[in-house]
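Each chain, written out:
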Amino acid sequence: MKALNQDQAKRITDRVLAMSKADECTVSIEGSRVGNVRFARNSVSTAGLTEDMQLVVRVAFGKRSGTAIVNEFDDKSLEKAVRRAEELARLSPENPEFMPAISKQAYRATSTFVPATAAIDPDFRASVAATSIEMARAKKLVTAGFFTDSTRFSTIANSNGVFGHQDFTDLSFSLTARTEDGRGSGWVTRAAVDAARFDAREASEIAIEKALRSVDARALEPGRYTVILEPAATSEILGNMFSAFSARSADEGRSFLAKKGGGNRLGDKLFDSQVNVWADPWDKDVPVAPWDNESLLPRERTQLIKDGRIASLDYSRYWAQKTGKRATAEHGNMIMAGGTKSLEELIEGTKKGIVVTRTWYIRMVDPQSLLLTGLTRDGTFYVENGKIKYPLKNFRFNESPVTILNNIDELGKPQIIGGDEVPFQMVLPPMKVRDFNFTSLSDAV
């Protein structure tokens, strides 16, 4: 794929907008080049490079809208896509919550592109796999891992004068290391915009150490325990909560932010005072596009939780108009403040507790309380007098992120968390939390 620069992309969007006969027209172009290497049983199984580029055109006649997608960019193909979108719009029923295209906006660029990441090649990917495999073989372990890198661009435009263009790079890595007899398992994940911030050796050492340490796990009676949760153990759990700040859901009584008797809990103190969470498209660790792809509104730095209080709610354009509030863009990342201690220092300060490396297979039990159920895996350890004493069999848990963030004893130094399992790029601290609810044992490693 030859990535389009801003001028090239604008020429295409201008052509499409000029072709439309609808009341309004919105165009987006997305292009990507994604490289990957996958390995299992200490051997590379697949490797490749995929390239794609497509254009989406959405038009509206009054409150009727239609959308078409095309991956050919000659005038004939573009016009065919526009006519198809218009045909679908005329056939569509009116949308009672339709919102017209937004007016011209100013987008402040974010630092989402790093040349070193865009330069990743097959040799780089192979070296990542080789590093993990060789380190594991030296310890008589078996690995399975996946490394992917991408270089992308995104362009948006509409008939009211909106235009934006942004380039992106990122990479992600996950590794599972297991003993040959399958009794010990360790895992690690990494994500970055800048390849210079990724170290395959450092990441692999963590998974390998956990695998070796988790052999001969003992059973511990389920119950409520002090836990030290690594960032990867809370990312999906907290992601469920961060995705539930919709003002509409709260106002309509459908979320944990609904107030009994009506209204929402904006301003209420729901969490420990140590909890501070915000979204920031210009964050140096997890920068994101300066606009929200759904509404095309500019993103802003937004405080969600301040000293344990609900500081803001998310207003769609429709709900903002209906309630007389200001519409907000959907967030692209989440950052949670922490402390200065490492995971090891949190462990050293724990008299009795359980370290959780990872949680998975998380499912919603009760949306209104955000009660979730899931399992620990790939490294669960018992701590006594500041030291890891022995590995534990895994647990099933029933817990709410609201309760977790109310029971914080201490926060550690935040880390970048990304990947397919989380709804946002995030920066999260390790947490020491009391009274975490383990409900049963699991024999899986």
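Worth saying up front: this structure is predicted, and the values here are computed from it rather than measured. (Residues numbered from 1 in each chain as written. Predicted model: local features only at pLDDT ≥ 70, side-chain atom pairs only at ≥ 80, totals over all residues. Heavy atoms only, no water.)

Scanning the chain for helices and strands turns up 10 helices and 19 strands. Here the C-alpha atoms of the chain give a radius of gyration of 24 Å, agreeing with the 22 Å that 2.2 N^0.38 yields for 445 residues. Its C-alpha atoms give the chain principal-axis dimensions of roughly 70 × 60 × 35 Å. Counting the 445 residues in the chain, one finds 52% classified as buried. Counting contacts in the chain only where the partners sit at least 6 residues apart, residues at least 24 apart contribute 72% of the total. When the accessible surface of the chain is totalled, it reaches about 20,300 Å², and 47% of it is carbon and sulfur. Where the 60 positive side-chain charges of the chain centre and where its 58 negative ones centre are 3 Å apart. (Helix = DSSP H or I, 4+ residues; strand = E, 2+ residues; numbered from the N terminus. Rg over C-alpha atoms; globule rule 2.2 N^0.38 Å. Buried < 20%, exposed > 50% of the residue type's maximum accessible area, 1.4 Å probe, protein only. Contact = heavy atoms within 4.5 Å. Areas by Shrake-Rupley, 256 points an atom, 1.4 Å probe, with all protein chains shown as cover. Lys, Arg positive; Asp, Glu negative; His and termini not counted. Charge placed at Lys NZ, Arg CZ, Asp CG, Glu CD.)

Taken domain by domain, the chain consists of domain 1 (6-211) and domain 2 (216-444). Put simply, the middle of domain 1 and the middle of domain 2, counted by C-alpha atoms, are 25 Å apart. Between domain 1 and domain 2, the buried area comes to about 2,800 Å², and carbon and sulfur atoms account for 59% of it. Together, M99, W187 and K210 form the three largest contributors to the area buried by domain 1 at its contact with domain 2, with a combined 23%. Put simply, domain 1 and domain 2 have 4 salt bridges between them. When the shortest N-O distance is used, the salt bridge between E230 and K210 registers 2.6 Å. Put simply, domain 1 and domain 2 have 11 residue pairs in polar contact (both at pLDDT 80 or more) between them. Looking at the side of domain 1 that touches domain 2, the elements that each hand over two or more residues are β1 (24-40), β4 (141-158), β5 (163-179) and β6 (185-192). For the side of domain 1 that touches domain 2, the element with the most residues is β5, which contributes 6 residues. Partitioning the side of domain 1 that touches domain 2 into residue classes produces 14 nonpolar, 13 polar and 7 charged. (Domains from an automatic or database assignment. Buried area = accessible area lost by both parts, 1.4 Å probe. Salt bridge = Lys/Arg side-chain N within 4 Å of Asp/Glu carboxyl O. Polar contact = N/O pair within 3.5 Å; in protein donor to acceptor, adjacent residues only side chain to side chain. Nonpolar A, V, L, I, M, F, W, Y, C, P; charged D, E, K, R; others polar.)

This part takes up the pattern of salt bridges. Pairing is possible between side chains of opposite charge, provided their charged atoms come close. Under the criterion given, the structure shown has 27 salt bridges. Notably, a salt bridge pairs R15 with D75, separated by 2.7 Å at the nearest N-O pair. Of this pair, R15 sits in helix α1 (residues 6-19) while D75 sits in helix α2 (residues 75-91); the two residues are 60 residues apart in sequence, bridging distant segments of the chain. With relative accessibility at 43%, the residue D75 sits in the partly exposed group. Within this structure, E97, R248, E252 and R254 form a network of salt bridges that share partners.

The subject of this paragraph is the sheet that holds β6. Taken in spatial order, the 6 strands line up as β3-β2-β1-β4-β5-β6 in an open sheet, and their pairing is antiparallel. Either end of the sheet is taken by a strand with one partner, and the two such strands are β3 (64-70) and β6. Geometrically, the sheet is characterised by an average inter-axis angle of 15° between neighbouring strands, direction not taken into account. Where β1 meets strand β2 (residues 43-61), 17 bridges bridge the pair, whose relative direction is antiparallel. Directly across from F39, in β2, lies its bridge partner V44. Those strands touched by α1 are β1, β2, β4 and β5, and its axis lies near 135° from that of β1. (Pairing = 2+ DSSP bridges. Axes fitted to C-alpha atoms, helices over the stretch in contact; angles between N-to-C directions.)

In terms of burial, β5 is largely enclosed, as 12 of its 17 residues are buried. As defined by bridge partners, β4 adjoins β5 across 17 bridges and the pair is classed as antiparallel. Looking at β5, one finds that R152 is bridged to F168. Where β4 hands over to β5, the hairpin turn is made up of 4 residues, of which G161 adopts a positive phi near 100°. Between β5 and β6, which pair antiparallel one after the other, the connecting turn spans 5 residues, and G182 there sits at a positive phi close to 75°.

Turning our eyes to something else, we now look at the packing of aromatic side chains. In total, this model carries 12 aromatic pairs according to the counting rule given. Centroid distance F245 to F256: 5.9 Å. Interplanar angle 70°. Geometry classified as edge-to-face. Here the residue F245 occupies a position in the loop between α6 (231-242) and α7 (247-251), and F256 occupies one in the loop between α7 and β8 (277-279), the gap between them amounting to 11 residues. For the pair shown, F245 and F256 are each scored as buried. Ring-pair connections join several aromatic residues into one group, and the members of that group are Y225, F395, F397, F436 and F438. One Lys or Arg, R218, reaches over the ring of Y390 and ends 3.9 Å from the middle of that ring. (Phe/Tyr/Trp six-rings, centres within 6.5 Å; stacked < 30°, edge-to-face > 60°. Lys NZ or Arg CZ within 6 Å of the ring centre and 35° of its normal.)

Glancing now at unusual backbone geometry. The residue D378 is not glycine, and still its phi comes out positive at about 60°. Topologically, D378 is positioned in strand β13 (residues 371-384). Take D378: its relative accessible area is 0%, and that puts it in the buried class. Non-glycine residue N385 carries a positive phi angle of around 50°. Relative to the helices and strands, N385 is located in the loop between β13 and β14 (387-391).

Now for the sheet that holds strand β10 (residues 309-310). Here 6 strands make up an open sheet; going across it, the order is β10-β9-β8-β11-β18-β17 and the pairing mixed. Looking at which strands have only one partner, the edges of the open sheet turn out to be β10 and β17 (415-417). α6 rests against β8, β9 (302-306), β11 (333-336), β17 and β18 (425-428) of the sheet, and its axis sits at about 120° to β18.

A separate point is the UniProt feature "domain: Metalloprotease TldD/E central" (unreviewed entry) in the chain. UniProt tags residues 133-214 as "domain: Metalloprotease TldD/E central" (unreviewed entry). What you have in residues 133-214 is 24% helix and 52% strand, and the ends, taken at the C-alpha atoms, are 19 Å apart. (UniProt positions renumbered as here; feature names shortened; annotations may be inferred.)

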